Amino acid sequence: MHKQSSRGWRQAMWAALFLLPYFILFISLKIGPLVVNFWMSLQELDIIGKGVFNNFGNYKVLFQDRLFWRSLNNTFYYLVLVGPVNVAGGFLLAMLLNQKLKGRIITRTVVFMPYVIMVTVVGAIWRWLLDGRFGLLNYYLQKIGLESVPWLSSSSTAMIGIAMASVWWTIGYNTVIYLAALQDIPKDILNAADIDGAGPLRKLFAIIIPSVKGATAFVVLTTVIYSMQVFGQVYTMTSGGPQYSTVTLVHYLYVKGFREFNLGYSSTLGVVLFFVILALSALVYATFGERKAKG
Amino acid sequence: MNRSEVSFSSARTTKLLRSLLLYFLLAVITLVALTPTLWMLSTSFKKQHEIFQTEVKWIPREFTAENYIKSFELFPLWMWFRNSIFVAVLTLVLTLACDIMAAYAFSKLNFKGRNVLFALVVASIMLPREAAIVPMYRLIRNLGMMDSWAAIILPQAAEAIGVFLLAQFFRNVPNELSESAALDGCGHWRILWRIVTPLSVPILAVLIILTLVNSWNNFLWPLIVAASEASVTLPVGLASVMSGSSEAAEARQFGLLMATAFISCLPTIAVFLVLQKQFIQSVTMTGLKY
């Protein structure tokens with residue numbers, strides 16, 4: 001008995017020792033700041049000096065700040081543009097790459113490769129591709145007889161330009177996740193469906209889509225979370241313009257905090273981001289979790 | 001007889017048409033996906049007057065390296081490279097050291113509150129970093145670390161994903177091995193580094209790729225804390241070339257911009273092409289974003 005507890009005590013000592021270095025970082029730079037951020041959102045806080053509690057002043061400003069609502073709106077617009085294309089497109093690409101075709105490995109490589117490129121390079125490339133006068137996209141649009149579009153310099157198309165860059169950058173990620181899921185579907189199930197005379201559409205809806213539901217849940221969740229945090233593309237391609245049409249939540253948070261040094265207000269925007277992501281994640285979990293329980 | 005022959009041949013035609021269509025799709029997708037990267041390359045080797053032309057030429061009429069030379073002359077590219085490399089390598093070393101030890105504690109040692117702590121660490125993976133950026137900034141400032149490598153490295157090493165991945169893997173390393181080692185008088189310190197870690201090479205490879213690429217491409221946080229040649233990394237440096245007025249002269253020099261962009265992402269592209277299998281594995285195994 002005594003020996004047992006001394007051994008347990010020694011294990012706990014080792015555990016404390018092993019956890020110490022990581023937890024210093026984790027508490028001071030990961031979990032701690034997240035908690036402190038709520039507290040800072042209640043203060044008027046600039047770059048130096050102590051904050052002053054201002055009786056929810058930041059939140060009062062927030063609700064009347066039209067630019068904040070605009071940024072929230074823009075962020076959701078971005079999600080609507082990118083999300084469906086990235087999820088459905090990723091799935092369809094994976095379906096194609098799952099066929100026994102020569103050269104599909106090359107296509108997989110090419111589709112995934114943009115994903116390892118840094119966001120500022122993505123922004124630079126697409127700013128050039130989407131240039132109003134000399135851009136490649138407009139050149140080909142005109143070639144096939146369409147009007148050229150002032151992509152990034154018009155408030156009605158700038159976000160679409162950013163969304164195109166994002167899809168190019170990240171769709172390969174979803175493709176690879178779906179491809180792995182497709183390859184995990186047992187072959188005999190598909191063969192049995194063939195023998196039963198199930199057509200391709202029936203096979204798709206009765207077998208394939210239900211089988212990759214886990215992947216879909218994951219892909220939807222990450223697409224939503226990362227869309228809400230879009231920043232680098234906006235920063236490099238439009239700086240939020242023209243006429244604030246591409247200011248997103250995180251871009252606004254950055255500008256308020258680190259251009260205008262209104263740190264308290266920036267924290268408040270961080271709190272909003274936190275709850276928006278929490279709510280959307282819960283929504284995704286609820287949607288996919290329920291169906292799982294039924295199945 | 002005749003009819004079945006007809007339907008047989010029509011089935012073959014359908015099959016042929018189907019594969020023709022699929023190959024066509026494959027080719028179009030490959031081309032479209034490749035276009036931006038190729039266009040960056042093509043532009044980077046063109047002279048300024050050839051870039052701003054209404055007629056598009058994929059192959060430059062005269063190849064020039066002047067954009068690359070100018071890029072190194074105009075911008076402190078070597079400094080940005082140096083900073084990116086040191087930040088990535090030091091982040092990797094710190095991450096591996098901290099994560100391996102923490103993961104061992106979570107997977108091989110018994111202590112009170114283990115599951116709660118582990119759940120907290122795992123839950124933090126999905127939480128948005130941006131929602132904590134102001135307190136992080138205040139802390140780094142108060143510690144006098146602004147504009148240093150440490151400012152960029154420490155928050156990256158605080159990420160929890162490595163702890164999670166390693167702990168999951170360590171759990172499957174058989175306990176008999178460590179128990180027999182313990183009988184031989186090995187302490188946990190030696191079991192960890194001599195037995196468990198060498199058996200975990202596959203997951204370590206995944207973590208190494210994730211950490212290096214993440215660090216190389218990390219943008220928002222370095223943008224906030226890096227200010228001078230002492231710490232500015234490639235993504236931040238490239239952004240500084242582009243920012244300010246988007247119609248600024250340098251930002252409109254697309255040859256120069258594309259050359260600088262290509263130099264910045266060449267390392268990750270090269271490593272990806274060589275270690276493609278491991279990259280894709282690191283995504284499918286972990287389901288993780290870089």
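Residues numbered from 1 in each chain as written. Chains lettered and ligands numbered in written order. Predicted model: local features only at pLDDT ≥ 70, side-chain atom pairs only at ≥ 80, totals over all residues.

Participant: Could you give an account of the domain arrangement of chain B, with specific residues and numbers?
Facilitator: Residues and elements named next belong to chain B. On domain assignment, one finds that chain B holds domain 1 (2-66) and domain 2 (68-286). Look at where the C-alpha atoms of domain 1 and domain 2 centre, and you get two points 36 Å apart. Tallying the contact residues gives nine residues for domain 1 and 10 residues for domain 2. Elements supplying a minimum of two residues to the side of domain 1 that touches domain 2: helix H1 (2-44) and helix H2 (48-51). With four residues, the single largest contributor to the side of domain 1 that touches domain 2 is H1. Classifying every residue of the side of domain 1 that touches domain 2 gives four nonpolar, three polar and two charged. (Domains from an automatic or database assignment. Contact = placed C-beta atoms within 7 Å. Helix = DSSP H or I, 4+ residues; strand = E, 2+ residues; numbered from the N terminus. Nonpolar A, V, L, I, M, F, W, Y, C, P; charged D, E, K, R; others polar.)

Participant: Please give an account of unusual backbone geometry that cites residues and values.
Facilitator: Residue and element names in this part refer to chain A. Backbone torsion omega between Gly241 and Pro242 reads -15 degrees, so that peptide bond is classified as cis. Looking at the element boundaries, Pro242 is found in the loop between helix H11 (232-237) and helix H12 (249-258). Non-glycine residue Asn55 carries a positive phi angle of around 55 degrees. Along the chain, Asn55 turns up in the loop between strand S2 (52-53) and helix H2 (57-64). Residue Asn55 is classed as exposed on the basis of its 9 C-beta neighbours within 10 Å. (Buried ≥ 20, exposed ≤ 12 C-beta atoms within 10 Å, placed from the backbone.)

Participant: Lay out the interface of chain A and chain B with the relevant residues and their values.
Facilitator: Counting residues at the interface gives 75 residues for chain A and 71 residues for chain B. Ranked by residues supplied to the side of chain A that touches chain B, first place goes to helix H1 (residues 2-40) of chain A with 20 residues. Looking at side-chain class alone, the side of chain A that touches chain B contains 54 nonpolar, 19 polar and two charged residues.

Participant: Describe the packing of helix H3 (residues 66-97) of chain A against helix H7 (residues 158-183) of chain A, listing the residues and the values that go with them.
Facilitator: Residues and elements named next belong to chain A. Two numbers describe how H3 lies on H7: the axes approach to 7 Å, and their chain directions differ by 40 degrees. With respect to H7, the axis of H3 lies oblique. Once H3 is placed against H7, the crossing between them reads as right-handed. The residue inventory of the contact of H3 with H7, partitioned by class, reads 20 nonpolar, eight polar and no charged. (Axes fitted to C-alpha atoms, helices over the stretch in contact; angles between N-to-C directions. Parallel < 35°, antiparallel > 145°, perpendicular 65-115°, else oblique. Left-handed = near helix turned anticlockwise from the far one by under 90°.)

Participant: Go over the domain arrangement of chain A, please, and point to the residues and values.
Facilitator: By domain assignment, chain A separates into domain 1 (2-40) and domain 2 (65-294). When each unit is reduced to the centre of its C-alpha atoms, the spacing between domain 1 of chain A and domain 2 of chain A is 37 Å.

Participant: Explain helix H15 (residues 254-274) of chain B to me, using residue names and the numbers behind them.
Facilitator: End to end, H15(B) covers 29 Å across 21 residues, agreeing with the expected 30 Å (1.5 Å per residue, within 8%). Considering bend angle alone, the principal kink of H15(B) is centred on Leu266(B) and spans about 45 degrees; proline Pro267(B) follows within four residues of it. (Expected span 1.5 Å × (residues − 1). Bend = angle between axes of the 7 residues up to and from the residue.)

Participant: Tell me about H7(A), and name the residues and values.
Facilitator: All names here are of chain A. Here H7 contains 26 residues, and its C-alpha end-to-end distance of 38 Å stays within 8% of the 38 Å for a straight helix at 1.5 Å per residue. Thr170 marks the point of greatest bend in H7, at about 40 degrees. For H7, the buried fraction is high: 21 of the 26 residues fall into the buried class.

Participant: Talk me through the environment of Arg114(B); I want residue IDs and the actual numbers.
Facilitator: Residue and element names in this part refer to chain B. Secondary-structure assignment places Arg114 in helix H5 (residues 114-123). For Arg114, a count of 16 C-beta atoms within 10 Å corresponds to the partly exposed category. Taking the C-alpha atoms as reference points, Arg114 and Lys47, separated by 67 residues in sequence, lie 62 Å from one another.

Participant: Let's hear about the nonpolar core: which residues, and what values?
Facilitator: Formed by 152 residues in total, the largest nonpolar core has its most connected members in Ala102(B), Val163(B), Leu166(B) and Ala261(B). At 15 residues, H7(A) tops the list of elements feeding residues into this core. Excluding residues within four positions of it along the chain, Val163(B) makes contact with Tyr22(A), Asp99(B), Ala102(B), Ala103(B), Phe106(B) and Val121(B). (Core = buried A, V, L, I, M, F, W, Y, C linked by C-beta atoms within 7 Å.)

Participant: Describe the confidence of the model for chain A, naming the residues involved and giving the relevant values.
Facilitator: Residues at a pLDDT of 70 or more form 96% of chain A, whose mean pLDDT is 90. When mean pLDDT is taken per element in chain A, H3(A) scores highest with 96 and S2(A) scores lowest with 83. (pLDDT = per-residue confidence, 0-100.)

Participant: Any details on the confidence of the model for chain B? Residues and values, ideally.
Facilitator: Across chain B, the average pLDDT comes to 87, with 91% of residues at 70 or higher. If you check the scores for this complex, the pTM reads 0.91 and the ipTM reads 0.90.

Participant: Break down the environment of Trp128(A) for me, citing the residues and quoting the values.
Facilitator: Along the chain, Trp128(A) turns up in helix H5 (residues 119-129). When neighbours within four sequence positions are excluded, Trp128(A) is seen to be in contact with Gly135(A), Thr43(B), Phe254(B) and Met258(B).

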